[in-house]
Amino acid sequence: MRTVGIDLGGTNVYAVVLDGDTVVGSAKRRTPVDGGRDGVLEAMAAAAGKALKDGGLDLADVSAVGIGTPGVVIDGTVGSSANVPGFDERFDLAGALREPLGRPVRVANDVTAAAVGEHRLGGGRGSDSLLCVFAGTGVGGGLILDGRPFEGVHGGAGELGHVIVRQGGAVCPCGRRGCVEAYAGRRAMELTAERRHATGTPTILFDVMAEKGKTRATSGVFRTAFESGDLLVADLLQEAAEVLAAGIASSVNLLDLDRVVLGGGLADKLGAPFQRWIEAALQPLLFLQPPEVDVVAAELGDDGGAVGAALLAREVA
Ligand SMILES: [Zn+2]
């Protein structure tokens, strides 16, 4: 079966055409910042068209379209996504794209879609009870339980970033305190670095940012500063690894999972050393001993969400 998968992000829209287990076409577009919701919907349809063209195909050649979107997804509708224009207020995303695409549409949360991709074709192959962790600007999580994506009663399952690891701790971008993301989300880490720098702790993080011409401390900026021996950055990354381990351990202790797939910008850029820190901090926190949880790297990279969305589209084909 041939399906299209579209992964909508705050910065880019990725689209793939999946034929069996093989990506036969792909495309990437910027997510428009002006043009509101209609502009975003047009960009999604255009990315799908470009991926089809890349594979020498058109819409008549595919059975269905899957979409991964930020926000909370319920029955094809999406809401609560602050990073995409017009996606904060709940609306029928499946309905809005069914007509222009002329194909059945399946909508899922973007992290859930990425987890499905990793489960079937990436680092999660061979496991049917796994947690996918995506550490980037924020921290996302996706659950596969008994071989199926678990989305929860209200579409809110898998929010590893908001598992509370330090009661009354640092303020999280969500407004609560002590969440994993308050320590392991890149945005929160940058704010912590700014605060410590302002009170006299030396760091080259902001010099690296300026040298690279970035307005934000990206994952690459963190990596360069770390590899240059920056102690403040090493400290923040070690804390992020320990906090991620605590959140992962709590999830594993609750659900008895056998695999953790680690991805996202920060995890991808920092690679094996960061993964080893998390593993080392994780082992003693696990209830079942000896631990039988494998931590592995995500394998699908930027296409993971679109590949997962294309797999989910088979449910409505
Ligand atoms: Zn939070």
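What counts and how
- Residues numbered from 1 in each chain as written.
- Predicted model: local features only at pLDDT ≥ 70, side-chain atom pairs only at ≥ 80, totals over all residues.
- Heavy atoms only, no water.
- Phe/Tyr/Trp six-rings, centres within 6.5 Å; stacked < 30°, edge-to-face > 60°.
- Buried < 20%, exposed > 50% of the residue type's maximum accessible area, 1.4 Å probe, protein only.
- Helix = DSSP H or I, 4+ residues; strand = E, 2+ residues; numbered from the N terminus.
- Lys NZ or Arg CZ within 6 Å of the ring centre and 35° of its normal.
- Pairing = 2+ DSSP bridges.
- Axes fitted to C-alpha atoms, helices over the stretch in contact; angles between N-to-C directions.
- Contact = heavy atoms within 4.5 Å.
- Parallel < 35°, antiparallel > 145°, perpendicular 65-115°, else oblique.
- Left-handed = near helix turned anticlockwise from the far one by under 90°.
- Nonpolar A, V, L, I, M, F, W, Y, C, P; charged D, E, K, R; others polar.
- Donors = N, O, S within 2.8 Å, 3.2 Å for Na, K, Ca; no water.
- Tetrahedral: all angles 85-135°; square planar, octahedral: opposite > 155°, others 65-115°.
- Core = buried A, V, L, I, M, F, W, Y, C linked by side-chain atoms within 4.5 Å.
- Salt bridge = Lys/Arg side-chain N within 4 Å of Asp/Glu carboxyl O.

Caption draft 1: Layout of the packing of aromatic side chains. One pass over the structure, following the stated rule, counts two aromatic pairs. Aromatic side chains Phe 87 and Phe 91 sit 5.0 Å apart centroid to centroid with 80° between the ring planes, which places their arrangement in the edge-to-face category. By relative accessible area, which is 0% here, Phe 87 ends up buried. Ring geometry for Phe 226 against Trp 277: centres 5.6 Å apart, planes inclined by 85°, an arrangement best described as edge-to-face. With a gap of 51 residues between them, Phe 226 in helix H7 (residues 219-227) and Trp 277 in helix H9 (residues 265-282) connect regions that are remote in the sequence. Overall, the relative accessible area of 25% leaves Trp 277 in the partly exposed class. The aromatic ring of Phe 91 is capped on one face by Arg 37, whose charged end is 3.8 Å from the ring centroid. Between the NZ or CZ atom of Arg 166 and the centre of the ring of Tyr 183, over which it lies, the distance is 4.7 Å.

Caption draft 2: Molecular detail of the sheet that holds strand S8 (residues 105-109). If you trace the five strands from one edge of the open sheet to the other, you get S3-S2-S1-S4-S8, paired in mixed fashion. With partners counted over all chains shown, the strands left at the sheet margins are strand S3 (22-30) and S8, one partner each. Ignoring strand direction, the axes of neighbouring strands in this sheet form an average angle of 15°. Both strand S1 (residues 2-8) and strand S2 (residues 12-19) contribute to a ladder of seven bridges, which runs antiparallel.

Caption draft 3: Structural detail: the sheet that holds strand S9 (residues 130-135). Read across the sheet, five strands follow the order S11-S10-S9-S12-S13 without closing on themselves; strand pairing throughout is mixed. Each edge of the open sheet carries a strand with a single partner, namely strand S11 (148-149) and strand S13 (294-297). Here six bridges tie S9 to strand S10 (residues 139-145), and the two strands are oriented antiparallel to one another. Residue pairing across strands places Phe 134 opposite Gly 140, the latter belonging to S10. Strand contacts of helix H8 (residues 231-255): S9, S10 and strand S12 (259-263), with the helix running at about 160° to S9, the strand carrying the most contacts.

Caption draft 4: Just the pairing of strand S4 (residues 64-69), in detail. In terms of burial, S4 is a largely internal element, six of the six residues being buried. Of the two faces of S4, the one lined by Ala 64, Gly 66 and Gly 68 and the one lined by Val 65, Ile 67 and Thr 69 are each fully buried. Direction of pairing for S1 relative to S4: parallel, over a ladder of five bridges. Bridged to Ile 6 within S4 is Ile 67. Here five bridges tie S4 to S8, and the two strands are oriented parallel to one another.

Caption draft 5: Main features of the environment of Met 44. Residue position: Met 44 is located in helix H1 (residues 36-54). Put simply, Met 44 and Leu 143 are 99 residues apart on the chain and 25 Å apart in space, counted from C-alpha to C-alpha.

Caption draft 6: Fine view of the packing of H7 against H8. Following both chains from N to C, one finds H7 and H8 inclined at 120°, their axes separated by 8 Å at the closest point. In this view, H7 runs oblique relative to H8, as classed from their interaxial angle. Handedness of the H7/H8 crossing: left-handed. Residues Phe 222, Ala 225 and Phe 226 of H7 form the contact with H8, whose participating residues are Val 233, Ala 234, Leu 236 and Leu 237. Residue composition of the contact of H7 with H8, grouped by class: seven nonpolar, no polar and no charged.

Caption draft 7: Summary view of the coordination of the zinc ion. In the first shell of the zinc ion, the protein supplies His 162 (ND1), Cys 172 (SG), Cys 174 (SG) and Cys 179 (SG), at 2.0 to 2.4 Å from the metal. One way to put it: the four donor atoms around the zinc ion meet at angles of 104 to 118°, and that makes the site tetrahedral. Motif for the zinc ion, donor spacing along one chain: H-x9-C-x1-C-x4-C. The exposure class assigned to Cys 179 is buried, which follows from its relative accessible area of 1%.

Caption draft 8: How the structure looks around the nonpolar core. One finds Val 133, Leu 205, Phe 222, Leu 244, Ile 248, Phe 274 and Ile 278 to be the most contacted residues of the largest nonpolar core, which totals 47 residues. Among the elements that take part in this core, H8 stands out by supplying twelve residues, more than any other. Residues contacting Phe 274, with those up to four places away along its chain left out, are Leu 237, Ala 240, Ala 241, Leu 244 and Ala 267. Core analysis: the next-biggest nonpolar cluster, separate from the first, contains 29 residues, Val 17, Val 84, Leu 97 and Val 105 among them.

Caption draft 9: Representation of H7 in the model. Along H7, the residues classified as buried are Ser 219, Gly 220, Val 221, Phe 222 and Ala 225. Immediately beyond the C-terminal end of H7, within one or two residues, lies Gly 229, with a positive phi of roughly 90°.

Caption draft 10: Spotlight on the pattern of salt bridges. On inspection of all chains with the given rule, the structure shows ten salt bridges. Across the pair Glu 315 and Arg 148 runs a salt bridge whose closest N-O atoms are separated by 3.5 Å. Linking Glu 315 in the segment after helix H10 (304-313) with Arg 148 in strand S11, this pair joins segments that are 167 residues apart in sequence. Of the residues examined, Glu 315 reaches a relative accessible area of 41% and is grouped as partly exposed. One salt bridge in this structure joins Arg 187 and Glu 190, with 3.7 Å as the shortest N-O distance. Separated by three residues within a single helix, Arg 187 and Glu 190 lie in helix H5 (residues 186-198), roughly one turn from each other. Using a relative accessible area of 2% as the deciding quantity, one classes Glu 190 as buried. Here the salt bridges do not stand alone but share partners, grouping Arg 106, Arg 148, Glu 151 and Glu 315 into one network.

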